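Residue strings, one per chain:
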Amino acid sequence: MEKKYKILIVIGLGFFFGVVAWAIVTTPDAPPPSEKIEPPTKMIYESNVITEEKNGVKIMELISGKMLVDAITQNVEIEDVKCKFYQEDGNFIELTAKNGNYNKQNGIIHVEGDVKVTDSKGATLFSGKLDWNNETEILTATENVKISKEDMRAFGDYAEATNGLRHFKLKGNAKVLRGVKESEGN
């Protein structure tokens, strides 16, 4: 009988080690650590209208064909820019350009590409690039600047305008023509 017990013990141990080996071999691998997915920080908006009000009065309206907004910095890139700035005295300034950006930190709007600025008094400014400082309310235009108002045409490489387009300074190849009709002095 002792032989039977030894055989049963060997078979039992064999079975036990077989089950342990099977459990080790067939245990699935731990899943790889999942990658941390960062949400996008930039959002794209198409055909967008943004208005800004101060004390319940509209001070700005921006229409864009496409807008890319950085959710962290709040900086904005804009295509097909159309913007209207309303002044306290009831006058306004309209601005159009191919593209631009707004830097939240310094409050400067930069536009370029066929820039056109028109005020409600009939003055017009054309340039390649333009910066608008919201804090100082100063327009700074560069690249082939042309300003028209009433019977005056002004040309230069650089212009700085305040109070709409009523007051401006020209620099670089500056030329001012007075008594010019609309079709003259282009």
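Reading the values: rules and limits
Residues numbered from 1 in each chain as written. Predicted model: local features only at pLDDT ≥ 70, side-chain atom pairs only at ≥ 80, totals over all residues. Heavy atoms only, no water. Phe/Tyr/Trp six-rings, centres within 6.5 Å; stacked < 30°, edge-to-face > 60°. Lys NZ or Arg CZ within 6 Å of the ring centre and 35° of its normal. Core = buried A, V, L, I, M, F, W, Y, C linked by side-chain atoms within 4.5 Å. Buried < 20%, exposed > 50% of the residue type's maximum accessible area, 1.4 Å probe, protein only. Helix = DSSP H or I, 4+ residues; strand = E, 2+ residues; numbered from the N terminus. Contact = heavy atoms within 4.5 Å. Patch = residues over 30% accessible without salt bridge, like charges linked within 9 Å, V, L, I, M, F, W, Y side chains within 5 Å. Areas by Shrake-Rupley, 256 points an atom, 1.4 Å probe, with all protein chains shown as cover. Salt bridge = Lys/Arg side-chain N within 4 Å of Asp/Glu carboxyl O. Lys, Arg positive; Asp, Glu negative; His and termini not counted. Charge placed at Lys NZ, Arg CZ, Asp CG, Glu CD. Pairing = 2+ DSSP bridges.

**Student:** Explain the packing of aromatic side chains here, please?
**Tutor:** In total, this model carries 1 aromatic pair according to the counting rule given. Here Lys84 stacks its cationic end above the ring of Phe92, 4.2 Å away from the centre of that ring. Taking the ring centre of Phe155 as reference, the NZ or CZ of Lys175 above it sits at 5.5 Å.

**Student:** Explain the nonpolar core to me, please; I cannot follow it from the model alone.
**Tutor:** Generally speaking, nonpolar side chains in soluble globular proteins are found buried as a group. Grouped together as the largest cluster of nonpolar side chains are 30 residues, with contacts concentrated most on Val111, Val117, Leu125, Leu130 and Ile147. When contributions to this core are tallied by element, the ones reaching two or more residues are strand 2 (57-70), strand 3 (76-86), strand 4 (92-103), strand 5 (108-119), strand 6 (124-133), strand 7 (138-149) and strand 8 (152-162). Top element by residues in this core is strand 3. It accounts for 5 residues. Discounting chain neighbours no more than four positions away, the residues touching Leu125 are Val115, Lys116, Val117, Leu130, Ala141, Val145, Lys146, Ile147 and Leu165.

**Student:** Please explain a negative patch on the surface as it appears in this structure.
**Tutor:** Residues Glu46, Glu77, Glu79 and Asp80 make up a contiguous surface patch of negative charge. If one sorts the elements of the negative patch by residue count, strand 3 sits on top with 3 residues. Mapping Glu79 onto the fold places it in strand 3. You can call Glu79 partly exposed: its relative accessible area is 42%.

**Student:** Even after reading the chapter, I still don't get the pattern of salt bridges, so can you show me in this structure?
**Tutor:** For side chains bearing opposite charge, pairing can occur when the charged atoms are close. Under the definition given, this model contains 5 salt bridges. When the shortest N-O distance is used, the salt bridge between Lys84 and Glu94 registers 3.9 Å. Taken together, the residues span a long stretch of sequence, with Lys84 in strand 3 and Glu94 in strand 4 at a distance of 10 residues. A relative accessible area of 35% means that Glu94 is categorised as partly exposed. The residue Lys98 makes a salt bridge to Asp114 at a minimum N-O spacing of 3.3 Å. You can see Lys98 sitting in strand 4 and its partner Asp114 sitting in strand 5, a full 16 residues away along the chain. Both residues of the pair, Lys98 and Asp114, belong to the exposed class.

**Student:** Looking at this structure, I do not really get the environment of Ser148. What am I missing?
**Tutor:** Tracing the backbone through its elements, the reader meets Ser148 in strand 7. The contact partners of Ser148, leaving out residues within four places of it in the chain, are Gly122, Ala123, Thr124 and Arg153.

**Student:** Help me understand the environment of Asn101, please; the structure alone is not making it clear to me.
**Tutor:** Relative to the assigned elements, Asn101 resides in strand 4. Judged by its relative accessible area of 32%, Asn101 is partly exposed. For the pair formed by Asn101 and Glu77, sequence separation is 24 residues and the distance between their alpha carbons is 4.3 Å.

**Student:** Please clarify how the pairing of strand 3 should be interpreted in this entry.
**Tutor:** When strand 2 meets strand 3, the two strands line up antiparallel, connected through 9 bridges. In the sheet register, Leu62 faces strand 3, and the bridge partner there is Cys83. Bridging between strand 3 and strand 4 involves 10 bridges; their strand directions are antiparallel. Bridging from a neighbouring strand, Lys82 pairs with Thr96 of strand 4. From the end of strand 3 to the start of strand 4, which pair antiparallel, there are 5 residues, and Gly90 there has a positive phi angle of about 95 degrees.

**Student:** Got a minute to help me understand a nonpolar patch on the surface in this structure?
**Tutor:** Among the surface-exposed residues, Tyr5, Leu8, Ile9, Leu13, Phe16, Phe17, Val20, Ile24 and Val25 lie close enough to one another that they form a single nonpolar patch of about 970 Å² accessible area. Among the structural elements, Leu8 can be located in helix 1 (residues 2-26).

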